[in-house]
Amino acid sequence: MSLDDNHNSVVLACVKVIQCVLSCTMNKIVFDILEKTPTYVGGACTSPVFRTKPDVNVGFIRGGFWKYNVKPSNILHFHEEESEGDKDEGEHTIKDDVVLAGQDFAAGLVRMGILPRICFLLETDPSAPLEECLISILIAIARHSPTCAAAIIDSGKIVQTVANRFASKEQMEINICKIKSVTLLKVLAQYEKKNCLSFINSGILHKVTWHLYRYPNSLDQWVKSGTEACKLSSALLVEQLRLYKVFIRYGYCISDFSNMFTSLCMWLSVPTIEKLMENDVMNEYCAITNEVYLILEVLACRLPNFYSDVREKTEDVAEGKETWSWSQFGSIIDLALEWVQVKNIAPLTRLFNCQNSVGEIRSLQDSEINSLLWVISSVLNMLSSVLKAVIPEDFTSLPNGRLSWLPEFVPKVGLEIIKNGYFRFSGNGSIVDYLCRLRIENGRELAISSTCCIQGLIRVVDSVDKLIQHANLEIHQKPSKFESAPEEDKILANGILKSCAVEVQHSVTNLMKQIMNKWQSTKPVEIFSRGGPAPGVGVGWGASDGGYWSLNSLLTQQEARLLVDLLERSETPPTAQTLNCALTACLTVGPGNSSVIDKLLNFMFRVPVLKYLNLGIEKFLSVKQGFSPFKWDYEEEEYLLFANVLATHFRNRWLTVKKKQKSTGEKINHKSKKKDARFLETIDENMDESNQESLSSLKLEWAYQRLPLPTHWFLSAISTVNFVKIDSTGETYMEMPENFLEVSKAGLFFLLGIEAIPASPTSEFFSPVECVTVVWKLHAISVVLLSGMGVLEDEKSRDVYETLQNIYGKIIDEKELHKSLQFESEIHKNYPTFIETLVEQFAAESYGDVLFGRQIAVYLHRSVEASVRLAAWNGLSNARALELLPPLDKCFSKAEGYLEPIEDDEKILEAYVKSWVGGALDRAAKRNSMSFSLVLHHLSCFVFGDVVGDMLSLRNKLVKSLLRDYSRKQQHEGMLVKLVCYYNKSDRDCEIERRLQLLKEICDGNLASVEKLESCIKLNHLI
């Protein structure tokens, strides 16, 4: 209502509040840094999301698909009905708006009609502050979700109004409103390819980017225009370049880039940095340069392969594709190499040379260092994409596997990197050393830009090495002739990465330490339940000390990408540190970075790594007390099978994306639901959205994917259940996951390996496996039995399973806290139902298998919640499976954990007596099952112990039931005698007499039974 006020001050105050609530400032900071990185494509949507509920079919493992807090159809509900012109009174209520806005503030604004109001205000020629706030709100709404972005596009007037205002103002004037107008168009263009085409056809693109085609003034004239003018022109050019980059990614306007290239050349070369520093415009110049090289990197990705340029160019023309030619990249590479030659850039030379002299005065401020590093990062990544296009797709197809010739710029790039001290080939320091120090000692953005520099450098050097090693060079054939060659040429021929392997390995080690340390101090993404802060809100997940929407998280994700590049390109042997770091890095990656996890999976699930895990297991078993080495070995084929099935399982389980039911622009028909139209549609947390939709968006959605991974993601290999589904005809069928048994066996082996390595006495590295509670691990090895006895019937997996039980048993024994095994609270609120199903499986298939019995027995441990223990006991009792449990001394945790403290739960005590009376314990007593030992201990201690208050009536009730049962069933005499005589102290006779006297006092007409029991005890000389 405030937006409809006649007073401008009221409207301005209202939009400022909305702008603040939408966290526009926080989002601008994060997105601005993201867009400087070479890996950025479109960014993630900022709408609030929540996880689907854990499903028993996947063992209650967390990490379900994300869903929007608000169903997209509810956002546009109001506007669609208005447009239909048949809105019934009462169909749209304020209550609905309040409910939806409480779930998602931005969605609530759209539902309540903020877009038409903003459009109206923009048409009334608002003041500059008001216009700026209005466009900021539109940007926040556009970034929210595809639905909200489509609402802006479909409103009809908003986009055209913004573009017209951009063009109608003074042509040469640059202000914040124009800059934000370009940002809005950029965000909308990122969502759909058709939006780009619409902007081109309507002339909007040309209206807001004409500055890019204007031939610029000289650098001197640009600097003389003043600091403020330079800041504004830089910000506008950066946003225009970013907008243009979106169109190029979609394949549009590529041929037009040649027309603007001349006007952009000024920003490609190295300027007189001292002059920029004097006029305080260094950051502004570098921002433009960075964006130009980023857009060139995108164009480089569209280059045809260098050695098949002619053939592919002909094919592209025939198919109507816009391509970028190699002939246009010659001068670009020369200009880029100017930035690589840091020894020719005086301020950078001084900076890198004084890296070990902390006390020296630095001529560059941190913000200026940061700006220069962003430029070098974009230059290196652009060169990397160019070199990648030179590498043949298949070296084996070449004559003798060698390239007949190399383009001149390939060795030139390599030599410049060697000459300019990027790596340490002798005793001196290197630029990589300095960048690693910046990552640790300075601010977050400086650390991110340093990481991107190292990443680009590694990629460039790797490509140069590949091309040089496969070139038909005389130095490879006759190395003795070149002994007097310059040292740089020898390093280039030998391989740059190979020549500085020690420094690269040192960088890998330091990077791994940083990743593991930072992950421990970062808040988990899911600290809030449904309705909590969204990814794009500046609180909660964006908390200053961690969370996904923070610079800490952005840095950690960038470091994960660098780790992948280093692991792929360096000969890093499998170690406990590399494995733990790879597991940790998997936890830091968010939406849109599934390729990082995919590469980490490729690294972890290789035969050499699995063999290393097996060596770790053998070492663990040989040095740990209470364990003995296996009597068998894995074969090479088994390692290969494990690697394949595990990598495939984890990709399918965690990296698949759920397809949306409807496309963004598809209208939803509410007329068919006229009667219920006034109600908000609810989101089914378990609905199956399987309809496929073509990917045509650069934007990333939190919804419909699973990242970031939960900490216990690696347990999924042993937590998938063979489950029953119902098809469309109503018929039930069993869905068997492919290679289910092989995946389970491999998952058990992998779990034991990552448990054994950090548990080794010589291990000093943190492991994310240790952050997963023993509750989850015990649960996972229970789930694997829910689908049958397959893993226990195989000798090797059986031994692995038993070892895991023993490891977790020791962990349970070490825990001193009461009720430490909280399955119901940690796993799922319906865990007792899961236990009932597991017990049914145990009773039906185990035939008293000791390992299966030990696993069931752990749910009777006194550290387990009473509800779970009761469910386990009742299930075993009803299935007459209590006797199948092993003796206490064969359980994998100490007997004290089952016997102490004394049971005081009324329902469990009653269940014990019920099983006794019902005959469910008869065979258990004969077989010395732990179930009878539990009943004997807890009932004896409770009945004959110190009972006060309300528990007296319970004790009397239980005693009467036992005596009544004894009077009717003579076969229970031995069990009752054991109950009365269960006492291990020295004054045993006195105690038994006291107990018999207590029974006589409680017997209530069953005195004869007590006397008979007493005679039996005396007859057997028990007192």
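Residues numbered from 1 in each chain as written. Predicted model: local features only at pLDDT ≥ 70, side-chain atom pairs only at ≥ 80, totals over all residues. Heavy atoms only, no water.

### Let's talk about the overall build of the protein
Line of reasoning, step 1. When helices and strands are tallied, the protein shows 50 helices and four strands.
Line of reasoning, step 2. Counting only residues that meet the buried cut, the protein has 57% of its 1023 residues in that class.
Line of reasoning, step 3. Counting only carbon and sulfur atoms, one obtains 51% of the accessible surface of the protein, whose full area is about 43,500 Å². (Helix = DSSP H or I, 4+ residues; strand = E, 2+ residues; numbered from the N terminus. Buried < 20%, exposed > 50% of the residue type's maximum accessible area, 1.4 Å probe, protein only. Areas by Shrake-Rupley, 256 points an atom, 1.4 Å probe, with all protein chains shown as cover.)

### Thoughts on the side chain of Ser877
Line of reasoning, step 1. Following the sequence through the fold, Ser877 ends up in helix α42 (residues 866–878).
Line of reasoning, step 2. A polar atom in the side chain of Ser877 sits 2.8 Å from the side chain of Ser915.
Line of reasoning, step 3. Discounting residues that sit within four places of it in the chain, Ser877 has contacts with Leu882, Ser915 and Ala920. (Polar contact = N/O pair within 3.5 Å; in protein donor to acceptor, adjacent residues only side chain to side chain. Contact = heavy atoms within 4.5 Å.)

### Describing the pattern of salt bridges
Line of reasoning, step 1. For the coordinates displayed, the defined rule picks out 38 salt bridges.
Line of reasoning, step 2. With a closest N to O distance of 3.2 Å, Asp32 and Arg242 form a salt bridge. Linking Asp32 in helix α2 (residues 24–36) with Arg242 in helix α15 (residues 227–249), this pair joins segments that are 210 residues apart in sequence.
Line of reasoning, step 3. A relative accessible area of 26% means that Asp32 is categorised as partly exposed.
Line of reasoning, step 4. The residue Arg995 makes a salt bridge to Glu991 at a minimum N-O spacing of 2.9 Å. Of this pair, Arg995 and Glu991 both sit in helix α49 (residues 988–1002), separated by four residues, roughly a single helical turn.
Line of reasoning, step 5. Shared partners join several salt bridges into a network, and the residues in it are Asp32, Glu35, Lys36, Lys186, Glu239, Arg242, Lys245, Glu291 and Glu445. (Salt bridge = Lys/Arg side-chain N within 4 Å of Asp/Glu carboxyl O.)

### Things to note about the packing of aromatic side chains
Given two aromatic rings, their pairing is described by the distance between the two centres and the angle made by the two planes.
Line of reasoning, step 1. Within the structure shown, the criterion is met by 30 aromatic pairs.
Line of reasoning, step 2. Taking the centre distance of 6.3 Å and the plane angle of 50 degrees together, the rings of Phe257 and Phe261 count as tilted. Placement of the pair is Phe257 and Phe261 together in helix α16 (residues 257–264), with a separation of four residues, close to one helical turn. For the residue pair Phe257 and Phe261, the accessibility class agrees, reading buried in each case.
Line of reasoning, step 3. In textbook terms, an aromatic cluster arises when at least three aromatic residues are bridged by ring pairs, as seen for Phe630, Trp632, Tyr634, Tyr639, Phe642 and Phe749.
Line of reasoning, step 4. Seen from the ring of Phe31, Arg143 lies directly overhead, with NZ or CZ sitting 4.1 Å from the centre.
Line of reasoning, step 5. Sitting above the plane of the Trp654 ring, Arg653 keeps its charged end 4.2 Å from the centroid. (Phe/Tyr/Trp six-rings, centres within 6.5 Å; stacked < 30°, edge-to-face > 60°. Lys NZ or Arg CZ within 6 Å of the ring centre and 35° of its normal.)

### Some words on the nonpolar core
Line of reasoning, step 1. Phe423 and Trp713 are the most contacted members of the largest nonpolar core, which has 326 residues in total.
Line of reasoning, step 2. By residue number, the principal contributor to this core is helix α22 (residues 366–390), which donates 13 residues.
Line of reasoning, step 3. Setting aside anything within four residues of it in sequence, one finds Trp713 in contact with Leu583, Cys586, Leu587, Leu601, Met604, Phe650 and Trp654.
Line of reasoning, step 4. Counting 11 residues, the second largest nonpolar core, distinct from the first, contains Val30, Leu34, Tyr40 and Ile448. (Core = buried A, V, L, I, M, F, W, Y, C linked by side-chain atoms within 4.5 Å.)

### Describing the packing of helix α24 (residues 431–441) against helix α25 (residues 444–469)
Line of reasoning, step 1. Two numbers describe how α24 lies on α25: the axes approach to 8 Å, and their chain directions differ by 150 degrees. Between α24 and α25 the crossing geometry is left-handed. The residues of α25 that touch α24, namely those facing Val432, Leu435, Cys436, Leu438 and Arg439, are Leu446, Ala447, Ser450, Thr451, Cys453, Ile454 and Leu457.
Line of reasoning, step 2. Along the lines of polarity and charge, the residues of the contact of α24 with α25 split into nine nonpolar, two polar and one charged. (Axes fitted to C-alpha atoms, helices over the stretch in contact; angles between N-to-C directions. Left-handed = near helix turned anticlockwise from the far one by under 90°. Nonpolar A, V, L, I, M, F, W, Y, C, P; charged D, E, K, R; others polar.)

### Side note on helix α31 (residues 576–588)
Line of reasoning, step 1. A rise of 1.5 Å per residue sets the reference length of α31, with its 13 residues, at 18 Å; its end C-alpha atoms lie 19 Å apart and thus fit the reference within 8%.
Line of reasoning, step 2. Counting buried residues along α31, 13 of its 13 residues qualify, which places the element largely inside the surrounding structure. (Expected span 1.5 Å × (residues − 1).)

### Concerning a negative patch on the surface
Line of reasoning, step 1. Together, Glu618, Asp633, Glu635 and Glu637 make up a region of like negative charge exposed at the surface.
Line of reasoning, step 2. Along the chain, Asp633 falls in the loop between α33 (607–623) and α34 (636–655).
Line of reasoning, step 3. Asp633 sits in the exposed class, given a relative accessible area of 52%. (Patch = residues over 30% accessible without salt bridge, like charges linked within 9 Å, V, L, I, M, F, W, Y side chains within 5 Å. Lys, Arg positive; Asp, Glu negative; His and termini not counted. Charge placed at Lys NZ, Arg CZ, Asp CG, Glu CD.)

### Considerations on a nonpolar patch on the surface
Line of reasoning, step 1. On the surface, a nonpolar cluster with roughly 240 Å² of combined accessible area is contributed by Val17, Val21 and Phe105.
Line of reasoning, step 2. As for its position among the elements, Val17 is in helix α1 (residues 8–21).
Line of reasoning, step 3. For Val17, a relative accessible area of 51% puts it in the exposed group.

### With respect to the packing of helix α30 (residues 551–569) against helix α32 (residues 594–604)
The geometry of a pair of packed helices is captured by two quantities: the angle between their axes and the separation between those axes.
Line of reasoning, step 1. For the pair α30 and α32, the least separation of the axes is 10 Å and the interaxial angle reads 35 degrees. Crossing angle aside, the handedness with which α30 passes α32 is left-handed. Here α30 contributes Ala560, Arg561, Leu563, Val564, Leu567 and Glu568 to the contact with α32, which in turn contributes Val596, Lys599, Leu600 and Phe603.

### Examining the side chain of Gln190
Line of reasoning, step 1. Tracing the sequence through the fold places Gln190 in helix α11 (residues 176–191).
Line of reasoning, step 2. When near neighbours in sequence (up to four residues on either side) are disregarded, Gln190 contacts Tyr40, Val41, Gly42, Val246, Tyr250, Ser697, Leu698 and Lys699.

### So, the confidence of the model for the protein
In regions of low pLDDT, the predicted coordinates are not meant to be interpreted in detail.
Line of reasoning, step 1. Mean pLDDT over the protein works out to 83, with 84% of the residues at or above the 70 mark.
Line of reasoning, step 2. Residue range residues 731–735 is modelled with pLDDT below 50. Its contacts to residues more than four positions away, or to other chains, number 16 contacts. (pLDDT = per-residue confidence, 0-100.)

### With respect to the environment of Asn739
Line of reasoning, step 1. Here Asn739 lies in the loop between β4 (732–735) and α35 (740–759).
Line of reasoning, step 2. What makes Asn739 partly exposed here is its relative accessible area of 38%.

### Comments concerning helix α7 (residues 114–123)
Line of reasoning, step 1. Among the residues of α7, those classed as buried are Ile114, Leu115, Ile118, Cys119, Leu121 and Leu122. Along the long axis of α7, the arc covered by the buried residues comes to 165 degrees, so they all point the same way.
Line of reasoning, step 2. Asp125 occupies a position one or two residues after α7 and carries a positive phi of about 55 degrees. (Arc of directions from axis to C-beta.)

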